[in-house]
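# A look at the structure
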Amino acid sequence: MKPGRNDPCHCGSGKKYKQCCLKTEQVQPEDDFHEGDFLWRRIRRAIEGSPAKLLSFGSSHFGQEALLEAWDEFMSPWDEGHDEPFTPGTPHMPIFMPWFFYNWVPAPLETSVKPEALDGRTLGQAYLDKKGRHLDPLYARYIEQCCAAPFSFYDVLSVRPGEGFTLRDIITGEEVDVTEHAGSRQTQTGDIMFAKLVKIDQVTMLEASAPVMFPPIEKSAILDLRKKIQDRKLPLTADLLKDYVYEMLEIYHDITDRLLNPRMPQLQNTDGDQLVFNKLIYTLDCSPREALDTLRQLNLTEDDESILTGAEFAPTGELRKIEFDWQKPGNKKHKEWNNTILGHLTIAGDTLAAEVNSENRAKQFKTLMEKLLPGKARYKTTVIQSPQSMLSRMEEEGDTAQSRQRRKEQEELNSRPEIQAKIAEYMRQHYSKWPEEKLPALNGKTPLQAVKTKDGKEMVEALLMDIERRSRSGNMPLDPAIIAELRERLGLS
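Everything in this summary refers to the structure shown in the same document. (Residues numbered from 1 in each chain as written. Predicted model: local features only at pLDDT ≥ 70, side-chain atom pairs only at ≥ 80, totals over all residues. Heavy atoms only, no water.)

This paragraph deals with the sheet that holds strand E1 (residues 151–160). Spatial strand order, E3-E2-E1-E4-E5: five strands in an open sheet with antiparallel pairing. Here the strands that pair on one side only, and so sit at the sheet edges, are strand E3 (175–179) and strand E5 (203–209). Averaged over all adjacent pairs, the angle separating strand axes in this sheet is 50°, with direction ignored. Against the sheet, helix H7 (residues 137–148) contacts strand E4 (192–200) and E5, and its axis sits at roughly 140° relative to E4. (Pairing = 2+ DSSP bridges. Helix = DSSP H or I, 4+ residues; strand = E, 2+ residues; numbered from the N terminus. Axes fitted to C-alpha atoms, helices over the stretch in contact; angles between N-to-C directions. Contact = heavy atoms within 4.5 Å.)

Before going further, it helps to spend a moment on the environment of Ala 107. The residue Ala 107 is located in the loop between helix H5 (93–102) and helix H6 (123–131) in this model. When the C-alpha atoms of Ala 107 and Gly 120 are compared, they prove to be 8.8 Å apart, with 13 residues separating the residues in sequence.

With that settled, the discussion passes to the pairing of strand E6 (residues 277–284). When you tally the buried positions in E6, you get six out of eight residues, the bulk of the element. Of the strand pairs in this sheet, E6 and strand E11 (residues 377–385) are connected by eight bridges, and their pairing is antiparallel. In the sheet register, Lys 279 faces E11, and the bridge partner there is Val 383. In terms of strand pairing, E6 meets strand E10 (residues 351–356) through six bridges, oriented antiparallel. Its bridge partner lying in E10, Ile 281 is registered against Ala 353. (Buried < 20%, exposed > 50% of the residue type's maximum accessible area, 1.4 Å probe, protein only.)

According to the stated counting rule, one finds 28 salt bridges in the structure shown. With its nearest N and O atoms 2.7 Å apart, the salt bridge here joins Arg 121 to Asp 129. Residue Asp 129 is classed as exposed on the basis of its relative accessible area of 53%. Where Glu 436 meets Arg 489, a salt bridge forms, and the shortest distance between an N and an O atom there is 2.4 Å. (Salt bridge = Lys/Arg side-chain N within 4 Å of Asp/Glu carboxyl O.)

From the geometry alone we can't say anything about function, so treat these as descriptive.
Pasting the structure below:
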């Protein structure tokens, strides 16, 4: 019989039904109210306020300095040179506090912890030993399982938003259904989770989880650690995984730092030169037409008529201003290209400006000018701008009417069927060669080589999943048939 709103709650909490389980049951249909949900709610109530209790106990058991000492150990050796201080707002709190409570054991020779607490027990174990008899039995079981459970990395196999997800331990291969109402709303299939799971009867819960989900492409270092563990030929027990908690933390820190603090990538042009935008300015001692006639040979794709499209002329017919590309035949990186644009030239009155994207191309252009227009083009200056400074300037300028117009024009261009067809064909050509390309994520192997081993096959699967996910979030989704063709060719279908 269902209790009344003011009756004692059937879960045994001592609270009125309306102040306890009624709210949860209203969110979830009664048909779904099964034993696992009931136990999950009981556990949540039993562990409410646990971090504050353990922190208070830790200050008296270990001493006031233990938390900061554990923080230094948690951040080392990854933090060498970073010196990140502990603050309550650190993004690492969801991992650090459970590690401090249930994994950290002070080193006897290098610690400020009270001597009587240097008995090899974690804070959680000591708390249970001292207070266990007076605790809610369910709460005591939870702490006991937190102490026993290792940290590990998990593949997210499926998600039930608002309810939980199915995870697979990447190290052991074990699959488990996890009940997690809030976190499952931001999780997607294919994510990698660094976490500590706690199992009580038929319920598995997240005690700790990294502040960000890792994308599939980050799997390589985890697979390397798995191989290292499996090479020992020992049973993959919780105790064995605990032995590798510091190796896991190092991987966690490395990936989390990249995701939370992304660095500007080292961008290169198709010649392999670092991107640095150079604008070379020359003063011309000849007419714009004479300069064009001499430099016309630098453009390989436009005829005499098309190159003058958009040019400006004086009322008397003389050329005033013209823009065109500087090109070379072929491309060493993209063999299918007929030519490569090396720069953009603007002739306006007595000024010539050449815009190129590397210092090497700037030097090449200077050499060309000495050869093609000796004495008729006097070098004046070069304006240099890095990609970082260009991005900073764009951020400072904000969302201007001009930038909105450019975006609108680009979106309209991309929406044209002929443009979409061209892009689709380019993507198909690109990915047709992908299985034969040597990739850093595969330690220099090609996907065709990597799929011959278990670990390599798993990493190629992760890369394909990453390609699919990035495609879905982009403006031009990748044709699913391309991924299907890749899977078939790689024997993954």
